[in-house]
Structures are given as C-alpha cells and as structure tokens.
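# Geometric and topological summary
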Amino acid sequence: MSFRFWRRIRLLPGVTLNLSKSTASLSFGPPGAKFTLSPRGNRVTAGIPSTGLFYTVKAPASACDRGQRQQAVPSKDKLNLGFFKRLVTPADEEAFVDGLRALSEGDDATALRYLEQADAKPDAAWMAALLHLKRKQFDRAETLLNTALADDQDLGRLFAKYDLDMVVDLPVTDEITAHIRPCRRGSLIALAEMQEARGEIAAARQTIGRLLQDAPDDIVAMVSLAELMLAGTPVSKQDADAVVRMTAGIENETPVHAALLLYKARALRALGMDEVAVKTLTQAYRRKKDRPDDLLRQIRYERALAYADIGRASRSRQELEAIYAETPGFADVRQRLGL
C-alpha cells in the first residue's frame, strides 16, 4: 500500500489533506457529510444509517457545485494557541497542536516531530502512527497504534477539545474506502491495513476479527475480512464457507453492501455454487444509483465468469461485450472476447 499526502482545495470550514493507495483525505472540519475535491473527480462522503460508518461515492455535478460554494465560508484557525494560551497549555498538548498545524500546512516532517514529542497522548500517537504508515515505517506505526489502543478510551478527546473533526480515508479493498476517526475502530482498521501491507495476512485477519468482536455488524470490517479470506489462490473451502456464513442475510443497501455481495459471490464460486453466485451478483448489480462505476463493472465481470462456468456462453459474452464497450482495457476482457 502506498500512501502520500498532497495539498488540496479547502473543503468546508477547516483544512483537508489527502492520503491513500492513490488518494484519500485527512479532514479538519465539522462532522457530517463532506464534499471532497480531488484530481480523480469530486466525491461525496455519506454515512450508513445507524452504524456510524462512512463510505465514498462520486458526487453529481450539482452536489460538487454546492460543495465549492461552501468553500467561501471563513474558518477560524483552531490550531494557533497564542502566547498567553501557551503559558497554561501542557507541553505534550502544545506539541500535539503544533503538529496538527504543521500537517495542515503540508509539512508532515515537522508534524511528525511534534507528534512524536506528544506520543503519550493517544491522539498524538494515533496521528503519528498514520504518518509513519504513510512513510511505510511499519514497525514504528505498529508501536504507536498499539500505544493508542492501550488507552483507547481517551482517543479523540484532544481533537474534540479543539473542536476538530479528524477523518482519514483508508482504502480497505479496491472497491471500498473506510473513513476512520481516532477511536478503537479506526486504530484496528489502520493496524490491519498495515499488517496486510507487510504481507502479514494472518495477523490482519486476527485484527479485523477483534473489530468484529466489538461490532459484529461493522460492514466495512466484513468487507475487509472477506477480501483477506479470499486472497489465497486457490481459495480454501473453509475460508469460502466462512465468508458465505458471515454475509448471510446481507442486502444491497449501500455501495459497501454491494461490495460485500461481490465477495460473497466469489466465495460461492469457490464452493462451486455458480448458479447462486449469479443470483447474488444480480442482486449486487440491481441498484446503480450512487454505486461507483468501477464496482459495478467488477460485479458485471464476475457475473460474466459465473455465466461461463454454468454453460451460458452467450450471456457471458453479452456481459463481456458491454464491459468492453465501456472500458476496453478492463481485466482480460479483450482476450476473453478473442480480440
């Protein structure tokens, strides 16, 4: 996983930076839905009702226009302590604020130096861990994440004290980006992503398992675990069965749920149940509103493979031709069409 920061356009009142395999964001601003403007297009972040989870989809033009108009709202600089406030602010808290200010100014090296000085504070340890993760300094990142987890009841308190809503986008699969905050859940997801980046798949699975013990209905954690369980070649029947059992009863409610249905179908195919896999993929493809094009294309491609395996060659070709018309270079579609 490659992480990088880049300066981006101001979002709502506050400051935003981006981080991910290719892009993602670190946002300072009020809680709620957020618009993100990036070189890959405009996106809207929305919550999954009653779960506290977030996902990203591309925003329609009108929404992006509204997001751009909101940029003109002036924002109070919450990261300048001032002379007199520094006199009464503890040294580690002062270093934490200075680190965030340096980060908002694009100086992550200075930010990391300040945050390391305050690593006894869970929020500072958490933020420093993500900066080390960005640099692929996995050992130090793991140490700091575990430091933050050891005192996870205090995670987020310093951010809240300075009225900052901090969000980091971490891509947990090719289809889904998790939006995490400084809390136990965010720490476990970041730790699992780091372990996967190091090739420690068993450890990553164990970490996501801890997350699901805390919150069995965490749909983002399910997607992450399903991807890890289906990463082997060939997929073991035990892992495929576990994915099917974990995804029982899942409906196509959000893009995250659609991605989980995609993994469920892959597990069914690994068990030789291609007919049921086709039905599952059709369920995943049925809703297209707010679904990322890449996700819909991957669902359709998987369904084409399943059609071929149950002997419906003409239907398989029909799917592949539709994909080719949209994206000629997608996967091995050209080869499968004999082009």
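This part is about the packing of aromatic side chains. On inspection of all chains with the given rule, the structure shows 2 aromatic pairs. Between phenylalanine 96 and phenylalanine 159 the ring centres are 5.1 Å apart and the planes differ by 80°, which places this aromatic pair in the edge-to-face class. Separated by 63 residues along the polypeptide, phenylalanine 96 in helix 3 (residues 91-104) and phenylalanine 159 in helix 7 (residues 157-161) bring together distant segments of the chain. Residue phenylalanine 159 is classed as buried on the basis of its relative accessible area, which comes to 2%. A ring pair is formed by tyrosine 301 and phenylalanine 330, whose centres lie 5.6 Å apart and whose planes are at 75°; its orientation type is edge-to-face. Of this pair, tyrosine 301 sits in helix 14 (residues 293-309) while phenylalanine 330 is found in the loop between helix 15 (313-326) and helix 16 (333-336), placing the two residues 29 residues apart along the sequence. Comparing tyrosine 301 with phenylalanine 330, the two get one shared label, buried. Directly above the aromatic system of tyrosine 114 lies the positively charged group of arginine 113, at a separation of 5.9 Å from the ring centroid.

Here we come to helix 3. Its 14 residues give helix 3 an end-to-end C-alpha distance of 20 Å, which sits within 8% of 20 Å, the value for a rise of 1.5 Å per residue. Most of helix 3 is tucked away, with 11 of its 14 residues classed as buried. Of the residues making up helix 3, those classed as buried are Glu93, Ala95, Phe96, Val97, Asp98, Gly99, Leu100, Arg101, Ala102, Leu103 and Ser104. Two residues or fewer after helix 3 comes glycine 106, characterised by a positive phi angle close to 85°.

Let's shift gears to the environment of serine 224. Locating serine 224 in the fold gives a position in helix 10 (residues 219-229). In sequence terms serine 224 and alanine 192 are 32 residues apart; their C-alpha atoms lie 8.9 Å from each other.

Bringing the pattern of salt bridges into the picture now. A full pass over the atoms with the stated rule returns 24 salt bridges. Where aspartate 241 meets arginine 245, a salt bridge forms, and the shortest distance between an N and an O atom there is 2.8 Å. Pair noted here: aspartate 241 and arginine 245 are both in helix 11 (residues 237-246), with a separation of 4 residues, about one helical turn. A salt bridge links glutamate 319 to arginine 303; the shortest N-O distance between them is 2.5 Å. Separated by 16 residues along the polypeptide, glutamate 319 in helix 15 and arginine 303 in helix 14 bring together distant segments of the chain. Taken as a pair, glutamate 319 and arginine 303 share a single burial class, namely buried.

Its location among the elements puts alanine 125 in helix 5 (residues 122-134). According to the relative accessible area criterion, alanine 125 is buried, its value standing at 0%. Sequence separation between alanine 125 and leucine 115 is 10 residues; the distance between their C-alpha atoms is 6.9 Å. If we ignore the near neighbours within four places in the chain, the residues touching alanine 125 are Asp119, Leu144, Thr147 and Ala148.

This part takes up the environment of tyrosine 324. Residue position: tyrosine 324 is located in helix 15. The exposure class of tyrosine 324 is partly exposed, given its relative accessible area of 30%. C-alpha separation for the pair tyrosine 324 and leucine 337, spaced 13 residues apart in sequence, amounts to 8.8 Å. Once you skip the residues sitting within four places of it in the chain, tyrosine 324 turns out to touch Val333, Arg334, Leu337 and Leu339.

Glancing now at the nonpolar core. Core analysis: the biggest nonpolar cluster contains 74 residues, and Phe96, Trp126 and Ile299 have the highest contact counts within it. If one sorts the elements of this core by residue count, helix 12 (residues 255-270) sits on top with 10 residues. Leave out the neighbours within four places in its chain, and phenylalanine 96 touches Leu115, Ala118, Asp123, Ala124, Leu158 and Phe159. Listed in part, the 8 residues of the second largest apolar core include Ala304, Leu305, Phe330 and Val333.

Position of aspartate 98 relative to the elements: it lies in helix 3. Taking relative accessible area as the criterion, aspartate 98 reaches 6% and is therefore assigned buried. Apart from the residues within four sequence positions on either side, aspartate 98 is in contact with Arg86 and Tyr114.

Analysis parameters
- Residues numbered from 1 in each chain as written.
- Predicted model: local features only at pLDDT ≥ 70, side-chain atom pairs only at ≥ 80, totals over all residues.
- Heavy atoms only, no water.
- Phe/Tyr/Trp six-rings, centres within 6.5 Å; stacked < 30°, edge-to-face > 60°.
- Helix = DSSP H or I, 4+ residues; strand = E, 2+ residues; numbered from the N terminus.
- Buried < 20%, exposed > 50% of the residue type's maximum accessible area, 1.4 Å probe, protein only.
- Lys NZ or Arg CZ within 6 Å of the ring centre and 35° of its normal.
- Expected span 1.5 Å × (residues − 1).
- Salt bridge = Lys/Arg side-chain N within 4 Å of Asp/Glu carboxyl O.
- Contact = heavy atoms within 4.5 Å.
- Core = buried A, V, L, I, M, F, W, Y, C linked by side-chain atoms within 4.5 Å.

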